[in-house]
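# Structural characterization, general
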Amino acid sequence: MYPTKYHKPASLEDAVAGLRSAEDGALLAGGQTLLPTMKQHLAAPTDLIDIRGIDGMSGIRVEGDVLVIGAATTHAEVAGSSDVQAAIPALAQLASGIGDAAVRHMGTIGGSVANNDPVADYPSAVLALGATIVTDRREIAAEDYFQGMFMTALEEAEIIRELRFPKPRRAAYAKFPNPASRYALVGVFVADTAAGACVAVTGASESGVFRHEGLEAALSGDFSADAVDGVEISSEGFMSDIHADADYRANLVRVMARRAVAALG
Amino acid sequence: MTNVNLTVNGKPVRRDVPDTTLLSDFLREDLRLTGTHVGCDTSQCGACVVHVNGKAVKSCTALAVSLDGAEVTTIEGVAQGRELHPMQAAFNDHHALQCGFCTPGMIMSGIDMVNRYRAAGKDLDAETIRHELEGNICRCTGYHNIVRAIEDAAARIQGADAPAHAAE
Amino acid sequence: MTEGIGARVKRTEDRRFITGKGKYTDDIRMENQAYAAFVRSPHAHAKVTGIDRSAAEAMEGVVAVLDGHQLTGDGIGNIICGWAITSKDGSAMNMGAWSALATDRVRYVGDAVAVVIADTAAQARLAAEAVEVEYEELPAVTNAEKALAEGAPQLHDNAPGNLIYDWEIGEEAATDEALAGAAHVTELPIVNNRVSPNAMEPRSAVAIYDEADEHYTLYTTSQNPHVARLVLSAFYNVAPEHKLRVVAPDVGGGFGSKIYIYPEEITCLWASMKTGRSVKWTSTRSEAFMTDAHGRDHVSKARIGFDTEGKIVGLKVDTIANFGAYMSLFSSAVPTYLYATLLSGQYDIQNIHCNVRAVYTNTVPVDAYRGAGRPEACYLVERLMETAAREMGADPAELRRKNFITEFPHQTPVIMNYDSGDFHGNLDKAMAAADVAGFDERRKEAAARGKLRGLGYSCYIEACGIAPSAAVGSLGAGVGLWESAEVRVNPVGTIEVLTGSHSHGQGHETTFAQVVADRFGVPLNSVSIVHGDTDKVQFGMGTYGSRSGAVGLSAISRAMDKVEAKVKKIAAHTLEAAEDDIVIEGGEVKVAGTDRKMAWHEVGLAAYTGHNLPPDMEPGLKEGAFYDPVNFTFPAGAYICEVEVDPDTGVTEIVQFTAADDFGTIINPMIVEGQVHGGVAQGIGQALLENVVYDDAGQLLTGSYMDYAMPRAWDTPFYTLEHNTTVCPNNPLGLKGCGEAGAIGAPPAVINAITDAIGDNDLQMPATPQKVWRMIQATQTPIAAE
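Residues numbered from 1 in each chain as written. Chains lettered and ligands numbered in written order. Predicted model: local features only at pLDDT ≥ 70, side-chain atom pairs only at ≥ 80, totals over all residues. Heavy atoms only, no water.

- In the nomenclature of an unreviewed UniProt entry, chain C corresponds to Carbon-monoxide dehydrogenase large subunit from the organism Tranquillimonas alkanivorans.

- By the naming in an unreviewed UniProt entry, chain A goes by Carbon-monoxide dehydrogenase medium subunit and is assigned to Tranquillimonas alkanivorans.

### Description of the overall build of chain C
- The helix and strand tally for chain C stands at 20 helices and 28 strands.
- What you see for chain C is a C-alpha radius of gyration of 27 Å, in line with the 28 Å of a compact globule of 786 residues.
- In chain C, buried positions account for 66% of the 786 residues.
- For chain C, the accessible area works out to roughly 25700 Å², and carbon and sulfur atoms hold 49% of it.
- Charge-centre separation for chain C: the mean point of 63 positive side chains lies 3 Å from the mean point of 102 negative side chains. (Helix = DSSP H or I, 4+ residues; strand = E, 2+ residues; numbered from the N terminus. Rg over C-alpha atoms; globule rule 2.2 N^0.38 Å. Buried < 20%, exposed > 50% of the residue type's maximum accessible area, 1.4 Å probe, protein only. Areas by Shrake-Rupley, 256 points an atom, 1.4 Å probe, with all protein chains shown as cover. Lys, Arg positive; Asp, Glu negative; His and termini not counted. Charge placed at Lys NZ, Arg CZ, Asp CG, Glu CD.)

### So, the sheet that holds strand β2 (residues 25-28) of chain A
Residue and element names in this part refer to chain A.
- Spatially, three strands are ordered β1-β3-β2 in an open sheet, and the strand pairing comes out parallel. Looking at which strands have only one partner, the edges of the open sheet turn out to be β1 (5-7) and β2. Strand after strand, the sheet turns through a mean of 25° between neighbouring axes, direction not considered. (Pairing = 2+ DSSP bridges. Axes fitted to C-alpha atoms, helices over the stretch in contact; angles between N-to-C directions.)

### A closer look at the environment of A149 of chain B
All names here are of chain B.
- Checked against the element boundaries, A149 lands in helix α5 (residues 144-167).
- Overall, A149 belongs to the buried group, its relative accessible area being 0%.
- In this structure, the C-alpha to C-alpha distance between A149 and N92, residues 57 residues apart in sequence, is 8.3 Å.

### Brief notes about the pairing of strand β5 (residues 66-70) of chain A
Residues and elements named next belong to chain A.
- Counting buried residues along β5, four of its five residues qualify, which places the element largely inside the surrounding structure.
- By the bridge criterion, four bridges tie strand β4 (residues 60-63) to β5 in an arrangement that is antiparallel. What sits directly across from E63, in β5, is V66.
- A loop of two residues connects β4 with β5, the two strands running antiparallel in sequence, and G64 in this loop sits at a positive phi of about 60°.
- Summarising the sheet, β5 and strand β8 (residues 160-166) pair through five bridges and their orientation is antiparallel. The partner of I69 across the bridge, within β8, is L163.

### Notes on the packing of helix α10 (residues 374-392) of chain C against helix α11 (residues 396-403) of chain C
Residue and element names in this part refer to chain C.
- Relative orientation of the contacting elements α10 and α11 amounts to 115°, with a least axis distance of 8 Å. In the packing of α10 onto α11, the handedness of the crossing is right-handed. Here E382, M385, E386, A388, A389 and M392 of α10 lie close against α11, whose contacting residues are P396, L399, R400 and N403.
- Taken together, the residues of the contact of α10 with α11 sort by class into six nonpolar, one polar and three charged. (Left-handed = near helix turned anticlockwise from the far one by under 90°. Contact = heavy atoms within 4.5 Å. Nonpolar A, V, L, I, M, F, W, Y, C, P; charged D, E, K, R; others polar.)

### Quick look at the nonpolar core
- Ranked by internal contacts, the top residues of the largest apolar core, which has 223 residues, are F91 and I150 of chain B together with L232, L343, F657 and I754 of chain C.
- Looking at which element gives the most residues to this core, the answer is helix α19 (residues 741-758) of chain C, with ten residues.
- Setting aside residues up to four positions removed in sequence, L343 of chain C forms contacts with L315, V317, I349, I352, C354, A377, L380 and V381 of chain C.
- I49, A90, I98 and I160 of chain A belong to the second largest nonpolar core, which has 52 residues in total. (Core = buried A, V, L, I, M, F, W, Y, C linked by side-chain atoms within 4.5 Å.)

### Considering the packing of helix α12 (residues 246-263) of chain A against helix α20 (residues 769-780) of chain C
- Where α12 of chain A contacts α20 of chain C, the axes come no closer than 11 Å and their chain directions differ by 85°. Taken as axis vectors, α12 of chain A and α20 of chain C run roughly perpendicular relative to one another. Residue-level inspection shows D247, Y248 and N251 of chain A of α12 of chain A in contact with α20 of chain C, the latter providing P769, Q770, W773 and R774 of chain C.
- In the contact of α12 of chain A with α20 of chain C, the residues fall into three nonpolar, two polar and two charged. (Parallel < 35°, antiparallel > 145°, perpendicular 65-115°, else oblique.)

Written as structure tokens, this is what we have:
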């Protein structure tokens, strides 16, 4: 990789200051996406700000009806947490299917949400559950946060501190992995919430994670697998690549949505 | 250059390395522990898996400087002297390796998964093992004997646990 | 005997691998070592109009920046293909020039144009990016059919129309006539997809030049270090053979990709001389996808005809083989003598004709990959047989049985003379183990779960131990394909065997020792196998084409014959008995029917003290042999694959895979089973997942594991294996070979199972979920307009 300077600040303020003073700084949260990208010479930050030394950045707690997960909490910690399993089991299940066991020991929820890779798993849960992204300076609602692939509402030198997930009545995630990378070729997160049915789709759209209004409307009336069948899934704006064209992805959205709902019994 | 202190296979080590040094390079080039292999550049093959603070990680996807103070175990540190770890023995018994290149990562991942499932009190059956091997690619064995070896090692380690529980 | 032939002995080489003590090329570090990084073409086809090295040369740690003009100026020769194929019009094949570093033109993405030598690998890589190469882009072509078309971009001036050769085998008129008179003809387009070998250890080289002795040493990831030395010396002019040592230490898999001598190894040796430094290069996986020889990539049209009884009357095949940008070392032989000669399969076919056109494209060179030609032949024949059976309403197993060859030797119309086999027996065993009788029930049960279940057969035959040398020479081979061995009995009775075979996962250190232990009745741990070093082993042709057993072990066996003869002479002399009365048993050398005997080590000691040897006998106990086989060997088997397809997603799950193989004598069943497991997994990979994809501009779209789908544990099943042994009559141990069978036999079994499940025969590999789903949609959804 290109030369870079590593920093491990002890406070959020120092991390923000470090990012501000760097010529081209990047946050290091788990590094499972950033480091491979740097190894391939596709990214060349002058400074790496490791947020894992900051007190309170990792950990899971329940505050009433809200599950709070620190940004530097690893996928393995989320997957194995009894709090997560009790509050939102679908989130634990989603985390247990990210990457592989070794990646899950390092990769973090904050890193994934900040990167907003269009084929990542977490954004679908954050969006479908209507989570709140808490940063060093403000709170951002999920629906305002995701702004297209690799694009978010985060400002310069803004750092995610934690994610707050309101508990849904029930939720499930179904993923169809890319046969090569094993990222989501399509992932559908369905949540039965106080605000109605929420369905977020990852992996499919050229605009990144999105909510599927047709599926939400169908499920709001009848939260059952059969309700999914009548919904038209347009492939417009869907990605096409050597693994799946837009039409096949559209089919997978329906099939994964159906399976996610069916898993709820 | 940044000074890095680690405990590797039980021994303290200290080196000045560039910030860009990956743990895999630190082990292979600075410590000359060449049992940790590098088989890809996209963090997928798993030949480089080691344990950091008791957990499997891909050493090609971690900066050495970020692990200052950590305990690292590599394939060279798994056996007790001449006595093989049950996972190593099971790989030999079941012919779970051919060219041997992916083997260190397979064994380190195998030990990690057995540890995790034991800690969680969950069974590690063949289907689960296949899922857990998501991040380890082997081109020689067709996985049949690797899955069998990990199953067997899990049983051996579980068996070794049993008398200890009985004695309590 | 618990350690001899047939014993399931645990591998003795394992300990170093499971403890992290293996010694692979990249583990080697020399004093004064520098690192090479290559400057590679980002274009599939371009003229090189200028190279500006100044920025790179000024960078920290840079020792040298070297280019192709310097390389050719120093007399380094072009990379060659070692097997001359003659076109049907009598003309020689059109081999385009391939310089290790391109001088004026690049022909695929990844083609090397310069090399940077620097103190560290990171410095070399950064400096390589700073070398400014000026290109004038040319139109590119990646598809072989398009490359043959009029107006296609031309790669080499001496290959008009991008045609390397237009070759044929068999009688065309007779085959046409037979097909014209056939009661049923099945016709299929067959694509054998391009795959990347992906040995888990990337290629690596450490080159060391000793100026004082003008001597070179190359540590490298090779399946055949002696062949590497021969070619580096005789063709690439790096150094004369006696001034060049090639060592292939532990090698992490090959599958064909490490047979060849690539530009990088040549360049490292030359750069070591130029810079006075030891030079190391280790490929990244991304470089491996761009530079390791790919496999397969055939497009064929095939027609097979049957009479009213279901007997095959003729087979006609037209194949286009994509060779990539240059002719790799054995590339020319793969789609000719390793492919078309196997088109008779396990069947008695009197009329076969095959035409093969080999074509240049702007892609990575293509060469032998596990199976090399035989998988392409087997896939074609077995897809045809299954499809024909379905078209004729016949049972696929019965149609095969009706056409099986049952008498041996059997001469096919395409050169091969099958020496032995039991094709009915193989199929019987496979069908019993796979419970074919219960399949209908399983299919119904799957249907109730919403799954499409299918069953497919593959009755493969292949040819191993390519030989004899005189025959392959007459067909154009540039080398002989024998093997050498030396058996050294030490004064204390321990034995070292030096072999020209090379183990890169095959377990020779165990199996070869088993054969020696078996022969002399000595403990396995008193035998060691030495291989992979041209300074130790006199010569060898290496390991590929499943030849180590059939050819390599035969050489060892011949050398042991000579040792045995000398041992008997010494014992007869010492024990005052007739030579014919001496027997070797259980580590003792005895006079039959008496209690007179010598311990094995006493004979060794006697040979080396020389105190009491027969008159005129030289001291010592060391014998060598060069073994040249009289024929190929012919492993064969029956594979049955059962799949379940999810109609909603098109995902195929392999629910059962049964292999019944005839490998001749089996030395270590455990290791043989491991070879089948691995081969079948590669076959499943090719059938379901793997595919090298270039876009039309020649950019490689599958350049890492992010896009090239490797079979993982979850993609593969537990395999059910059976053996049905007929001994090979033509070599001392009766061995046929087992290394490639799985990769040869598996793909058609998988595809035949899927096409059975979905009821559509027109499926090409890889059967990705998207492709299968779309076919299901097409067959099961009524057309809206109707």
